[in-house]
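# Remarks on the overall topology
Now for the letters of each chain:
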Amino acid sequence: MRARLFILFFISFSICFSQKKQSKGDQLFFQYAYKQAITAYEADLAKGYLDVVQYLNLADSYYQVGNYEKASKTYLSVLSNDSRLDSIMNKHRFNKMLQSLSRINRVSKLDSLLQNNKDVFSNELLENSKFNNELLNSNVNNGLDYQIFNLKSNSTQGDFSPAFYKNKLLFTSGRPKTKKQIYAPSGQVYLDIFEGGPDASGQLASVVKFKEIQDSNFHKATPYFSKELNSLIYVLSNTSDGELLFDDNGKNALAIGMKPQNGEFRFLLRDLSTSFYYPFYDANSGKLYFSAKFEEGYGGTDIYFVYTNNGQIMSAPINLGPRINSPGNEIAPYIFENSIYFSSDIFYGLGGMDVYKSNFESEDSFSIPVNLGKGINSEKDDFGFIIKNSGDGLLGYLSSNRDGGKGDDDIYGFLVDQKPGLKTLTLRGKVIEPYGNQKTISNASVRLLKNDGSVINEVVSDEDGTYRFEIPWREEVILQASKERHSLYTKKMVVVTGDDQETTFDVDIGLSLYDDLVEEKEGQTVIKLRKFFFERNKSKLTPEIAIELDKVVTAVKSFPNIQLRIETHTDSRGGSSTNFRLTQARSDAIKKYLLDNGVSGTNVLYSIGYGEDKILNNCGNGVFCLEMLHKQNQRSLIVVLNDNVLFQ
């Protein structure tokens, strides 16, 4: 049978319509006989018989046979009369409509529909779409030298879902076998599991039926071998005593079972009304991943996991969330070196199902899924990606119905030096105050800019100050951040990397809060400094004074539009003219230091020495005062002149 019938199972409709007229197309549609269903539906449509459910079945049938022009027109016709995506024109069908428009290059219409309905979809989906569209349309490539090759052992039937098994390769096939029952909807035999031994080139030799699990007249498919559990986990038809089991609606669903090498088979996930697909067991976390369609999902099939204890199910299914799952179908999870690979038919891919890779950022969060690009992916369905270390490089396999194959689906292999994938750039870190205890700053605007200043992407730091960007590869970017009454951060980054396809840089951003850098003194706003003193009758800066003036340099760099006046005062001891000349020399020395250390002359408007004109206490001429009281009058202030308009 066609593997996509196994993957893209039929959708149950939850809305009933009164006065529904039966169509011959209904039965054909639910038997996956899409070409015949189209003929029957079109005949009824000409007579005016189709209701909206049947009309959408017709659209789905066009989609399944690859008539994307008619599929898009039919979906759009329904959408024009049913704009609510939570009704019969649901998100899953909306994805099919966008896929159809993409296939016939109606990009502007696709973008318009997505923009008009963006409030319906998750922010993650919109971000994933923007990212992958830019990535696939860029000139970035993976720079890897590898060739995808068709396995000589493929048959004229469907061969898919490869899995590593010790020194062999397991896979699923619908190739003919003797005395096998026929799967009625497709007229082909039930799926079974086969094995072969890869040679040095990755080709399979001596392909035979896999005999280490219990035989069955029905489906056995999509195996995964866990060496940690020493068990094979696979999909099979729900049966009892060798006979198919059906739910109350006459549906036979697929279950997931496990067969230890030296133990008894047992079902792991089983529901007569729900099918489970593509198991993958992650020994590091004890999670069993799989694909299924539940009512609370995001569209078609989603990827879920359950916690296990040595293979024993310990939790309810947990959805991987909107960063991974979408209004389309997500299947075939596979984890390798802290990345999860899976396939999706979401609308922004190359066509059909594409393979994506997402990195684990924590136990329950993921990076943006990245399309692996042309070669691994094609305009047709590409799925069931697996990869492992082999010698000095990597050996991988996937399934595809791309042009040039032998059957409905073929297994393809590849040998490569590094992990496949289009090159991306990730910048992440925290926005912090660059002084004191480096308190984190939330709600800061963080931007990535091109060299011409145009915005690549913009995010807002979260509650703990964290920001993150993932973009298609660029050798140069400008990182910029700002927040009201905070400094502007700008840093040009020339990225130098190794050979990895994903390159991640941790960059913390320092934003100074203006109110932390200034204070009120003598009725004016001044730069906040520890009080410093010149040596008696001298204007030479000491190292202690330089430390404080460096704070002024930092303040000006943080707020480049700030305008300053330097003013210096002395006590009443000594002649007034001498004191005036001394304080002027001290103000000039401060100004020179600031200019020598990068402060522009446009920032320092005045440097003034006031001598003893502005005494703060009663220690005037002829008045006896303690030294500490005289020192109160010895001071230098860096006054902010445009404080009232700086943030207008």
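This text goes with the structure placed above it.
Right, let's walk through the structure included here. (Residues numbered from 1 in each chain as written. Predicted model: local features only at pLDDT ≥ 70, side-chain atom pairs only at ≥ 80, totals over all residues. Heavy atoms only, no water.)

## Some points on the sheet that holds strand S13 (residues 266-269)
Rules: A pair of strands is considered paired only if DSSP assigns at least 2 bridges between the two. Runs of H or I in DSSP of at least four residues are treated as helices and runs of E of at least two as strands, each being numbered from the N terminus. Each axis is a line fitted through C-alpha atoms, taken for helices only over the stretch in contact, and angles between the N-to-C directions span 0 to 180 degrees.
Strand order across the open sheet formed by 4 strands is S8-S9-S12-S13, with antiparallel pairing between neighbours. The two strands at the open ends of the sheet, each matched to only one other strand, are strand S8 (220-226) and S13. Between one strand axis and the next, the sheet turns by 30° as a mean value, whatever way the strands run. Of the pairings in the sheet, the one linking strand S12 (residues 254-260) to S13 comprises 3 bridges and is antiparallel in character. Paired with Met 258 across the two strands is Arg 266, which belongs to S13.

## Thoughts on the sheet that holds strand S28 (residues 445-449)
The sheet built from 4 strands is open, its strands ordered S29-S28-S31-S32 with antiparallel pairing. At either end of the open sheet lies a strand with only one pairing partner, and these are strand S29 (455-460) and strand S32 (489-494). Neighbour-to-neighbour, the strand axes of the sheet open up by a mean angle of 15°, direction not taken into account. As judged from the 5 bridges shared by S28 and strand S31 (residues 476-482), these two strands associate in the antiparallel manner. Of the residues in S31, the one forming a bridge with Arg 447 is Gln 480.

## Comments concerning the pattern of salt bridges
Formally: Salt-bridge detection follows one rule: a side-chain nitrogen of Lys or Arg within 4 Å of a carboxyl oxygen of Asp or Glu. Summary of the burial criterion: residues with accessible area below 20% of their type's maximum are buried, those above 50% are exposed, and those between are partly exposed, where the area comes from a 1.4 Å probe applied to protein chains only.
Tallying each qualifying case throughout the model produces 31 salt bridges. Glu 522 is the salt-bridge partner of Arg 635, the closest N and O atoms lying 2.7 Å from each other. Taken together, the positions of Arg 635 in strand S39 (residues 635-640) and Glu 522 in the loop between strand S35 (518-521) and strand S36 (524-527) put the pair 113 residues apart, joining distant regions of the chain. Using a relative accessible area of 6% as the deciding quantity, one classes Arg 635 as buried. One network of salt bridges, with partners in common, ties together Asp 192, Lys 209, Asp 215 and Lys 220.

## Looking at empty space enclosed by the protein
Rules: With a 1 Å grid laid over protein atoms only, a set of points is called a cavity when a 1.4 Å probe fits there but cannot get out and a pocket when it is open yet has protein on both sides within 12 Å along at least five of seven lines; lining residues have an atom within 4 Å of a point. Grid points are joined across faces, edges and corners, and a volume is the space filled by probe spheres set on the points.
For the coordinates displayed, the defined rule picks out 5 cavities of 30 Å³ or more. Empty space within the second largest cavity amounts to approximately 60 Å³. Lining the second largest cavity are 14 residues, and of these Asn 128, Ile 324, Ser 326, Glu 330 and Tyr 348 sit closest to its centre. For the lining of the second largest cavity, the secondary-structure elements that each account for two or more residues are helix H8 (123-137) and strand S20 (339-344).

## Some details on the pairing of strand S6 (residues 192-198)
Across the 7 residues of S6, 5 count as buried, placing the element largely inside the fold. Two strands pair when backbone bridges link them, and strand S3 (residues 168-173) and S6 are joined in this way by 5 bridges, in the antiparallel orientation. Of the residues in S6, the one forming a bridge with Thr 172 is Ile 193. Where S6 lies against strand S7 (residues 204-209), 4 bridges are found, and the strand directions are antiparallel.

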